[in-house]
Each structure stands twice: as C-alpha cells, then as structure tokens.
Amino acid sequence: MKEKFYHYIQQLQDQITAKLEEVDGEVKFQQDLWERPGGGGGRTRVIENGRVFEKGGVNISAVHGELPAAMQKYFNVGDVDFYACGLSLVIHPKNPMVPTVHANWRYFEMYDKTGKVVRSWFGGGQDLTPYYLFEEDATHFHQVCKKACDQHDATFYPRYKKQCDEYFWNAHREEARGIGGLFFDRLEETTDRSAQQWYDFVTTVGNSFLEAYVPIVEKRKALTYTTEQRTWQEIRRGRYVEFNLVHDKGTLFGLKTNGRIESILMSLPPHVQWIYDHQPEENSEEEKLLKVLANPVDWLLVNG
C-alpha cells in the first residue's frame, strides 16, 4: 500500500503543479529534492512572485525510521518504527479576492521490531481560506467536496465537513481559519471498510482538488483591489500563521520527527501583518467575513 500511495502522490503533484503553472502564466515551480537524516526524503516544489500566486508549495515526502519518544507518547505506543508519506500543499495568491487554499493527503504505518505492520491509516483533506467572502465560491468548493465523498459514502461529507470546522479552529481567537472543506484522520482498515476502500476514497478527494479550487482562482484573479484590502489580506494571513504554529498537528509531527524545516514552514505566507487590536468597520465586507468565521456555515444551503 505504501508504494502504491507514494506513486499516486507523485503523479498528483505533477498534475497540480502543471495546472497551477498554467493558471499563473508567468512563473514556474522550482523543484528541490532533499533527504531526511534518519531515513527518507522528498520532492519540494515552490512557486513564488508570480502573476497570480505570491507564494505556494506542493510537496511530497516519504520518511521512515524510529518513532521519536515524543510521538510514541502522542500515539500511545511503545518503541516502534514508522513510515509516513503524503502530499501537502498551500497556495497564497497575490490578489486578496482569491482565497488561500490548503490540502493534504497522507498515509502512515507503524511497525514492531520484527518489521510487522501494527497500525496503518490514511488522513487528509482540503480547505479554503478567503479574505473576502464570495458565497458562491464557498458553495462551489463544498459541492465538489461533497461530490467526491458521495461516491463512497453519503455520511462522509457531513462527518468530515464537521471535523474540518472543528480542526481548523483558532481556539485562542474563537474563530475558524477559513470556510472549511474536509478533514479526516486515522482512517484504518475495519471489518466494514478495507484499506483499499480507504485508498479509493482518499484518492478521489485528491483528484477533486483542482476542480474545487481552480475555477475560483480563474473567476477572481483579475479583480481590482485597494491598498486597504491588501492590508486586510496580510492581517488575516497572520491568523493563518498563528494556526499553523500553535495548533496544526502536521507541523507538530514534522518538527518532532526531525523533518525538513524549509518544507514544514513552506505554508507560511511571505507578507504578513499583526496590527494591535485591529477592528474592521461596522457592516463592512471585512466584518462580514469575521461573522462567518465565528460560526461555521452549511454552504450547501447557501445559493442553492
């Protein structure tokens, strides 16, 4: 399974980076191959200072070795070895009318000292972080997520949408990072669902990413914006940074397993502001966004 999934994310990385280069039309992804001390490595691809994308990364990795003590405690296991592979992406557009997007699809195995697999699971998801709220864009993103889920189980979309709203929650700010999407973890083989069926589900979601995001970028990338709107984007990016550094489990795992810092922190935007006690004007578009982020929305009930 691990070879099969790693082959899949290699192909998916190629598809996503090629399409995003086409959308930007000006710059290409730069590739960086790296090795991890202790076992494994990855293929980082970064796009910067483009016509559409200010900064973005689409990374794949496959790392293995002894599970560090801190992660043994986290997973409540003994002295085991691990293997983890996945694709992780974050795209920060230049235009504040275009949302930031994040996605991740991963596979994890743990082994006893004889090399026997003792646990394995899939995880992942995709979510959208707008700076200015276009309700039809949020609805489109969630419709694509639901369509992918419904191919496998009608209960998946409401379950993983709820988990996304709960996970991407900046508890110290009492607000969501964005307008959600899907989040799932620890998808393990059971008597009801095989590892192959979980593989099929996760890859269906992965294959839906470009359909979910690219039409939004194409619709919004040429809209005009003001200096004030750009400032708001940078303030909201600060909240994105806060979530990644304070709450995100993927960042924690990378740091605890001696991951590659440049790849782990690839998700951080290049221009960010923290303005003391910033409050948007009453009844403004900025305030409208904050009200939505304070209370998760069922986007399939909005605009049809």
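Residues numbered from 1 in each chain as written. Predicted model: local features only at pLDDT ≥ 70, side-chain atom pairs only at ≥ 80, totals over all residues. Heavy atoms only, no water.

A. How the structure looks around the overall build of the protein chain. Per the secondary structure count, the protein chain includes nine helices and nine strands. Here the C-alpha atoms of the protein chain give a radius of gyration of 19 Å, agreeing with the 19 Å that 2.2 N^0.38 yields for 304 residues. The dimensions of the protein chain, computed from C-alpha atoms along their principal axes, are 60 × 40 × 40 Å. For the protein chain, the proportion of its 304 residues judged to be buried stands at 53%. When the accessible surface of the protein chain is summed, it comes to about 13900 Å², and 49% of that surface belongs to carbon and sulfur atoms. The protein chain carries 36 positive and 44 negative side-chain charges, and their two centres are separated by 2 Å. (Helix = DSSP H or I, 4+ residues; strand = E, 2+ residues; numbered from the N terminus. Rg over C-alpha atoms; globule rule 2.2 N^0.38 Å. Buried < 20%, exposed > 50% of the residue type's maximum accessible area, 1.4 Å probe, protein only. Areas by Shrake-Rupley, 256 points an atom, 1.4 Å probe, with all protein chains shown as cover. Lys, Arg positive; Asp, Glu negative; His and termini not counted. Charge placed at Lys NZ, Arg CZ, Asp CG, Glu CD.)

B. Quick look at the pattern of salt bridges. Evaluated as defined, the whole model comprises 27 salt bridges. R236 is the salt-bridge partner of E175, the closest N and O atoms lying 2.9 Å from each other. Of the two residues, E175 is situated in strand β8 (residues 175-176) and R236 in helix α6 (residues 227-246); the sequence distance between them amounts to 61 residues. Accessibility expressed as a relative area gives 6% for R236, which makes it buried. (Salt bridge = Lys/Arg side-chain N within 4 Å of Asp/Glu carboxyl O.)

C. Representation of the packing of helix α1 (residues 2-24) against helix α5 (residues 195-220) in the model. Where α1 meets α5, the closest approach of the two axes is 11 Å, and the angle between their N-to-C directions is 5°. With respect to each other, α1 and α5 are oriented roughly parallel. Where α1 abuts α5, its residues K4, F5, Y8, L12, Q15, I16, K19, L20 and V23 lie against Q196, Y199, V202, T203, G206, N207, F209, L210, V214, V217 and E218. A breakdown of the residues in the contact of α1 with α5 according to their chemical character gives twelve nonpolar, five polar and three charged. (Axes fitted to C-alpha atoms, helices over the stretch in contact; angles between N-to-C directions. Parallel < 35°, antiparallel > 145°, perpendicular 65-115°, else oblique. Contact = heavy atoms within 4.5 Å. Nonpolar A, V, L, I, M, F, W, Y, C, P; charged D, E, K, R; others polar.)

D. Representation of a nonpolar patch on the surface within the structure. Where nonpolar side chains cluster on the molecular surface, the patch consists of L245, V246, L255, I261 and L265 and spans about 440 Å² of accessible area. Within the secondary structure, L255 is located in helix α7 (residues 249-256). For L255, a relative accessible area of 47% corresponds to the partly exposed category. (Patch = residues over 30% accessible without salt bridge, like charges linked within 9 Å, V, L, I, M, F, W, Y side chains within 5 Å.)

E. Structural detail: the pairing of strand β2 (residues 40-48). Where strand β1 (residues 30-35) and β2 come together, six bridges link them in antiparallel fashion. Across the sheet, the residue bridging to Q31 is R45, located in β2. The antiparallel pairing of β1 with β2 creates a hairpin that spans four residues between the two strands, and G38 there sits at a positive phi of about 105°. As paired strands, β2 and strand β3 (residues 53-66) are joined by seven bridges and run antiparallel to one another. Within β3, the position partnered with V46 by the bridge is G57. Hairpin connection from β2 to β3: four residues lie between these consecutive antiparallel strands, with N49 at a positive phi of about 55°. (Pairing = 2+ DSSP bridges.)

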